[in-house]
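What follows is the residue order along each chain.
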Amino acid sequence: MQKCTVFSSLLSALILLTCIPTAVHGCDFAQPACGAAADGDVIIGIMLPCHQKVTALHERVKPERFHCSDFDLESFMLSLAIIHEIEEINAAGFLPGVRLGYLMCDTCSYASKALQTVEHMLAVNTSLTVKCDYTNSIPTVKIILGGLYSEVSIAVARLLNVFMVPLLSSTSSSPELSDKTRYPVFMRTIPSDIHQTKALAKMMLHFDWNWVGIVYGDDDYGRAAFQSFLWDAEENGVCLAFQEVLPHYLDHLEREHRIRQIAQQIRSSSAQVVVLILRAELVNALFQEMIRTNTSRTWVASDSWSSSWSLAQMDGINTVGDILGFTFIAGKSESFDNYLKNLAATPGGHNLFIEKYKHIRFNCTPECFSNTPLPYCPSNDLLKIKSGDACNITHPQEQHDDYLVKSLDTSKAFPHRIAVWAVANALKKLLKCNNSSCSGEINFPPWKVRMDIYKCGILSLVLQLLQELKNIEFQLEDQIFSFDENGDFVNGYDLVMWEEGSQHRRLRRIGKYHISNGQIELLVKHFNWISTVNNTTPRSRCSESCAPGSVKKILNVSCCYNCTLCVEGTYSDDWDLHVCKKCPNGTWSLKGWTECGPRWESFLRWRDPHPISMLAAAVFGILLLFVVFVIFLVHRDSAPMKKAEVRLSCVMMVGLAVSFASVICLMGRPSVHLCQARQVMYAMGFTLCVSCILVKSYRTFLVFLPFSQITHRQLHKLYKPPVIILVITSLQGIICLLWLLFDSPDIDDTPPSPQSMVRLVQCSEGATFIGFGVMLSYIALLALVCFLLAFKGRKVPQEFSETGYIIFSMLMYLFVWVCFIPVYITHGEKRTPVQASAILVSTYGIIFCHFVPRCYRALRGPETDVFERILRRCGLESDTEINIDIHARNTAFKRYDRFSVTSTTTILSSLETENPSDSEVVVKTDFDEKIHPFSRETNAIRRRRSISF
């Protein structure tokens, strides 16, 4: 039974071959060259591949016929679209009285085979005579529609340049074909690849891909598209991780080896996006290797395979990753779909390609599915189109179904339909057709010229049919179409994504590319990405984007870089900038900033917490001085106040009040006058206070320490409190005056630190700080002298001196200002608050050491029997005889009557310890006259010690 089946299949195939016409200038149609034709008044040539390749090309050693294989279902559908539109135009009577015919030849996707088909189309009386001048030759074919690939169109257009027969393509997009000096007869109903590569680069920019690989074919289309893409990629910041080339010939001996090499390169590269500028057959071979090695990437398709039906139906196509690409503007036609469902040759013509398709689809050939298929069997991919009812059909050539409509994207045929209508509109104008007839010459040569008279009588010769095509503008399905100066359409592209199906892929249009403005318009917001987790957009970058605030530091190529922060005074306000921008005048920025801004001024503002606290402390100190002053006035006759010397203390209070007022001048925005005033106020006020303390220290030192009579007398000559205070304070005034004259304080104009946005508005204590240093050193010297004088009298009982308070207050002052100096030098921005704090601490130290204890004693009341306690401390009994000898003769201290017993009380020496019962104490006082405490004219009393007040 099986032998009978095989025999019947062979017989049917033999019958089919014997039924095919066999004479076109010696060619048979077992491998049809021009296998479809229909008569007409004007013949249009159709040159598309119905087979994918020429077999055993590398074995061809003589000029024999080409052997084609692998029936191309998609190209077959495109040729049917042209035939259908021709039949539609004839049926509609678009050219009244004129019928369009066609002659369709198979190029087998090979340029040399296409040239052979051109010979058949241009042959006159089955021959093409070689001539030097073809002006008088009138070929039957007036225009050729095709070819499918740019490689073929380039070769055919060069040949047609000899005969000046127009070539109108709907798929060849090489930029080279736009050169009208080299290809004057070529036109196309699609844009040039110049626009496609721009669209590809824009798409990568849109999805933030800047690190891509590219594989292109070693043909005119691939090389031209690759060069164009290089320019557009560079303009859009896209870099090539690798670039590989594949032989364009499918049966090339090294093709498989090169595909494995390229697949390894793709797997080893960090680029996750790969651009394929290849024919669909080469992409198929590459994808088979990707599927075998389980490699997934994001693939960007060129127009040559972006809508390939055969690739979408590959087994395992869902595992290769995401596929995006641009296709030409497409459009569905219900009339064409119905034509595909009822395929038949044009009445009066023949179509061997339809017969072959039906043979593959409906003939019963079970032997082709065996392990050892016969040589005439189609490839495994073509066997997939076999109808399930093939062996139950009696007449396969009479069968019809909707397989082509369901399996192929028939909207791809839209540019081919446009091409037919463009020719029809050009012929309508050329043949001078109206609604009823066409009056022009039908058997015209394509190169017939027309004489155009321009201004000034100049004549111009124009190629008539080409000129009509270039100037034509027509409407189809609510769209207006026309050619540009290069003979190209500029109607843009559709952006498509290959969505994942159950086993295969389906195309989904997700956007458009507008050539007019060079922008991509997305029609779908959310895509179903396959190669990424959580449906996120795939990433393909050599380096991550540099955020605003940083710029690129290029490593080896422009897309590989490190991100470095912008330095101070510069900024970057956008992603992936190469250079930081400089801040405008009056503004600044810190490291890594995205914008510049004005520096804000820093000074002790009245509303800030720190200045408020210091201001409160200064005001409180002034109020405290006022309270002390009131207490001193009220209790001025009490013993504690007399000991403190009210008038001298009041002078000290004035100096301290001025020091507190200088702290207030430190607050707020400084000015030149405030800078000068606050330092002078502090210098004079605190110097006045310390000079009074110096007087007290000198008085204790002078009265209670033993010196020789001559020395003591000399020292007493220097003790003139008003003069001392005046001289000391005047010296400080001279220092301040010289300071203001030669190195005056001013507003500090030191530029702010580059690492700071704060502009310090503070005072500079002069250019050299000499005046400021001398002023502080002078006060420190006075404080040190006070400390030394008080330290010498430190053993005097506190009831009769203030040495302890002086020592402590001066130590506090020296300690504060010694600490102030290094802080002041090292922390320039903290100078003002540090100085204010030092002034407050030192002034409060004097208040609490000199005035608060006196006020406390005055408010507590008079002390009882002070002398008795002093004597008891010295080891004397309370009933010890005290002899007071008043020497009226010695009146040396009369002019210092202010030093009364209450104000000058001091212990000169301690009492002797032996024979305390026999001891006498002589107390000498003088209220109105001069007293010399060490006069030899005292009462002679045995073993006595003198105590003088």
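Conventions adopted
- Residues numbered from 1 in each chain as written.
- Predicted model: local features only at pLDDT ≥ 70, side-chain atom pairs only at ≥ 80, totals over all residues.
- Heavy atoms only, no water.
- Helix = DSSP H or I, 4+ residues; strand = E, 2+ residues; numbered from the N terminus.
- Contact = heavy atoms within 4.5 Å.
- Phe/Tyr/Trp six-rings, centres within 6.5 Å; stacked < 30°, edge-to-face > 60°.
- Buried < 20%, exposed > 50% of the residue type's maximum accessible area, 1.4 Å probe, protein only.
- Salt bridge = Lys/Arg side-chain N within 4 Å of Asp/Glu carboxyl O.
- Pairing = 2+ DSSP bridges.
- Disulfide = S-S within 2.5 Å.
- Axes fitted to C-alpha atoms, helices over the stretch in contact; angles between N-to-C directions.
- Left-handed = near helix turned anticlockwise from the far one by under 90°.
- Nonpolar A, V, L, I, M, F, W, Y, C, P; charged D, E, K, R; others polar.
- Parallel < 35°, antiparallel > 145°, perpendicular 65-115°, else oblique.
- Expected span 1.5 Å × (residues − 1).
- Core = buried A, V, L, I, M, F, W, Y, C linked by side-chain atoms within 4.5 Å.

Chemist: Can you tell me about the side chain of Ser192, naming the residues and giving the values?
Modeler: Locating Ser192 in the fold gives a position in the loop between strand E8 (186–188) and helix H5 (193–206). Aside from chain neighbours lying at most four places away, what touches Ser192 is Ser173, Ser174, Pro175, Ser178, Asp488 and Tyr493.

Chemist: Quick one: what's the story with the packing of aromatic side chains, residue by residue and with numbers?
Modeler: For any pair of aromatic rings, geometry is given as the distance between the ring centres together with the angle between the planes. What the rule picks out here adds up to 36 aromatic pairs. Taken together, a centroid distance of 5.9 Å and an interplanar angle of 45° make the contact between Tyr813 and Trp817 tilted. Note that Tyr813 and Trp817 are positioned in helix H23 (residues 803–826) at a spacing of 4 residues, about one turn of the helix. Considered together, Tyr813 and Trp817 belong to a single accessibility category, that of buried residues. Ring geometry for Phe820 against Tyr824: centres 4.9 Å apart, planes inclined by 45°, an arrangement best described as tilted.

Chemist: So what about the pattern of salt bridges? Which residues, and what values?
Modeler: This model, assessed by the stated rule, comprises 30 salt bridges. Notably, a salt bridge pairs Asp488 with Arg188, separated by 2.8 Å at the nearest N-O pair. With a gap of 300 residues between them, Asp488 in the loop between strand E18 (479–482) and strand E19 (493–500) and Arg188 in strand E8 connect regions that are remote in the sequence. We classify Asp488 as buried; its relative accessible area is 3%. Residues Glu601 and Arg669 are paired through a salt bridge, measuring 2.2 Å at the closest nitrogen-oxygen approach. With a gap of 68 residues between them, Glu601 in strand E26 (residues 600–602) and Arg669 in the loop between helix H18 (646–665) and helix H19 (672–704) connect regions that are remote in the sequence. Take Glu601: its relative accessible area is 29%, and that puts it in the partly exposed class.

Chemist: Please provide a residue-by-residue account of the pairing of strand E23 (residues 561–565), values included.
Modeler: Both strand E22 (residues 550–554) and E23 contribute to a ladder of 5 bridges, which runs antiparallel. Paired with Val551 across the two strands is Thr564, which belongs to E23. Between E22 and E23, which pair antiparallel one after the other, the connecting turn spans 6 residues.

Chemist: Can you tell me about the state of the cysteines, naming the residues and giving the values?
Modeler: On inspection of all chains with the given rule, the structure shows 11 disulfides. Residue pairing for Cys239: its cysteine sulfur links by disulfide to Cys559, the two sulfurs lying 2.0 Å apart. Measuring the twist about the S-S bond at about 85°, one finds the Cys239-Cys559 disulfide to be right-handed. Of the two residues, Cys239 is situated in strand E10 (residues 239–246) and Cys559 in the loop between E22 and E23; the sequence distance between them amounts to 320 residues. Of the two residues examined, Cys239 and Cys559, each falls in the buried class.

Chemist: Requested: an account of the packing of helix H3 (residues 111–122) against helix H4 (residues 150–163), with residues and values cited.
Modeler: Axes are the key here: two packed helices are described by the angle between their axes and the distance separating the axes. One can describe the packing of H3 onto H4 by two numbers: an axis separation of 9 Å at closest approach and a directional angle of 35°. Seen from above, H3 lies across H4 with right-handed handedness. Residues Ala111, Ala114, Leu115, Val118 and Leu122 of H3 touch H4, and the partners they reach there are Glu151, Val152, Ala155, Val156, Leu159, Leu160 and Phe163. For the contact of H3 with H4, the per-class residue count stands at 11 nonpolar, no polar and 1 charged.

Chemist: Would you mind going over the packing of helix H2 (residues 73–92) against helix H10 (residues 334–341) in detail, with residue names and values included?
Modeler: H10 packs onto H2 with a crossing angle of 110° between their chain directions and a minimal axis gap of 10 Å. Overall, the two elements H2 and H10 adopt an arrangement that is roughly perpendicular. Crossing geometry of H2 relative to H10 is assigned as right-handed. Facing H2, whose interface residues are Met77, Leu80, Ala81, Ile83, His84, Glu87 and Glu88, H10 presents Ser335, Phe336, Tyr339 and Leu340. Here the contact of H2 with H10 is composed, by residue class, of 7 nonpolar, 2 polar and 2 charged.

Chemist: Mind laying out the environment of Gly35, listing which residues take part and the relevant values?
Modeler: Inspection of the secondary structure assignment puts Gly35 in the loop between helix H1 (2–19) and strand E1 (36–38). Residue Gly35 is classed as buried on the basis of its relative accessible area of 0%. Spatially, the C-alpha atom of Gly35 lies 5.1 Å from that of Leu352, the residues being 317 residues apart in sequence.

Chemist: So what about the sheet that holds strand E20 (residues 505–514)? Which residues, and what values?
Modeler: The strand order across the open sheet formed by 8 strands is E10-E9-E11-E12-E13-E19-E20-E21, and the pairing between neighbours is mixed. Each end of this open sheet is capped by a strand with a single partner; those strands are E10 and strand E21 (519–522). Pairwise comparison of adjacent strand axes, ignoring direction, gives a mean angle of 25° for this sheet. In the sheet, E20 pairs with E21 via 4 bridges, with the strands oriented antiparallel. When the sheet's bridge partners are listed, Tyr513 is paired in E21 with Ile520. Sheet contacts for helix H7 (residues 255–268): strand E9 (211–217), E10, strand E11 (273–277) and strand E12 (298–301); angle to E10, the most-contacted strand, approximately 170°.

Chemist: Can you tell me about H23, naming the residues and giving the values?
Modeler: Every α-helical turn comprises 3.6 residues, leaving residues that sit three or four positions apart pointing alike. The end-to-end C-alpha distance of H23, which contains 24 residues, comes to 35 Å, matching closely the 34 Å that a straight helix rising 1.5 Å per residue would cover. Of the residues making up H23, those classed as buried are Thr803, Ile806, Ile807, Ser809, Met810, Tyr813, Leu814, Val816, Trp817, Phe820 and Tyr824.

Chemist: Residues and numbers for the nonpolar core, please.
Modeler: Membership of the largest hydrophobic core comes to 96 residues, with the highest contact counts inside it found for Leu73, Phe76, Leu404 and Leu427. A per-element tally of this core places helix H14 (residues 414–430) first, with 11 residues. If we ignore the near neighbours within four places in the chain, the residues touching Leu404 are Leu73, Phe76, Leu80, Leu340, Leu343, Tyr357 and Thr410. Judged by nonpolar contacts, the second largest core, of 69 residues, contains Leu648, Val663, Ile728 and Ile847.

Chemist: If you had to explain unusual backbone geometry to someone new, which residues and values would you point to?
Modeler: A cis amide bond links Gly146 to the next residue, Gly147, at an omega of -10°. Looking at the secondary structure, you find Gly147 in the loop between strand E6 (141–146) and H4. Located in the positive-phi region is Lys432, a residue other than glycine, with phi close to 55°. As for its position among the elements, Lys432 is in the loop between H14 and strand E15 (449–453). Residue classification places Lys432 among the exposed positions, given a relative accessible area of 59%.

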